[in-house]
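Examining the three-dimensional arrangement
Take a look at the letters that make up each chain.
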Amino acid sequence: MDPLTLDTLRTLAQSLGLALSDEELDGLLPLVRTGRAMMAALPSEALRDIEPACQYRLF
């Protein structure tokens with residue numbers, strides 16, 4: 001997996017309609033990098049048969 005850069009994170013945020021400041025992106029970058037590393041460490045075979053968790057709340 002390619003390392004995540006600040007420019008890549010900015011582009012991703014903009015593509016999702018988020019206008020984040022440089023300070024916000026600087027704070028998010030280490031968190032997103034850690035999340036990506038954790039996801040990459042999971043064995044894909046172990047996740048193949050797991051249903052996604054969903055919770056619906058009706059008020």
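Coordinates for the structure precede this section.
Here's the deal with the pattern of salt bridges
Inspection of every chain in the model, using the stated rule, returns two salt bridges. One salt bridge in this structure joins D7 and R10, with 2.9 Å as the shortest N-O distance. Placement of both D7 and R10 in helix 1 (residues 6-15) is noted, with a separation of three residues, approximately one turn of the helix. Owing to a relative accessible area of 23%, R10 belongs among the partly exposed residues under this scheme. With its nearest N and O atoms 2.7 Å apart, the salt bridge here joins D22 to R10. Of the two residues, D22 is situated in helix 2 (residues 22-41) and R10 in helix 1; the sequence distance between them amounts to twelve residues.

Re a nonpolar patch on the surface
A surface patch of nonpolar side chains, amounting to about 390 Å² of accessible area, comprises M39, L42, L47 and I50. If you trace the backbone, L42 turns up in the loop between helix 2 and helix 3 (44-47). According to the relative accessible area criterion, L42 is partly exposed, its value standing at 39%.

The rules behind each value
- Residues numbered from 1 in each chain as written.
- Predicted model: local features only at pLDDT ≥ 70, side-chain atom pairs only at ≥ 80, totals over all residues.
- Heavy atoms only, no water.
- Salt bridge = Lys/Arg side-chain N within 4 Å of Asp/Glu carboxyl O.
- Helix = DSSP H or I, 4+ residues; strand = E, 2+ residues; numbered from the N terminus.
- Buried < 20%, exposed > 50% of the residue type's maximum accessible area, 1.4 Å probe, protein only.
- Patch = residues over 30% accessible without salt bridge, like charges linked within 9 Å, V, L, I, M, F, W, Y side chains within 5 Å.
- Areas by Shrake-Rupley, 256 points an atom, 1.4 Å probe, with all protein chains shown as cover.

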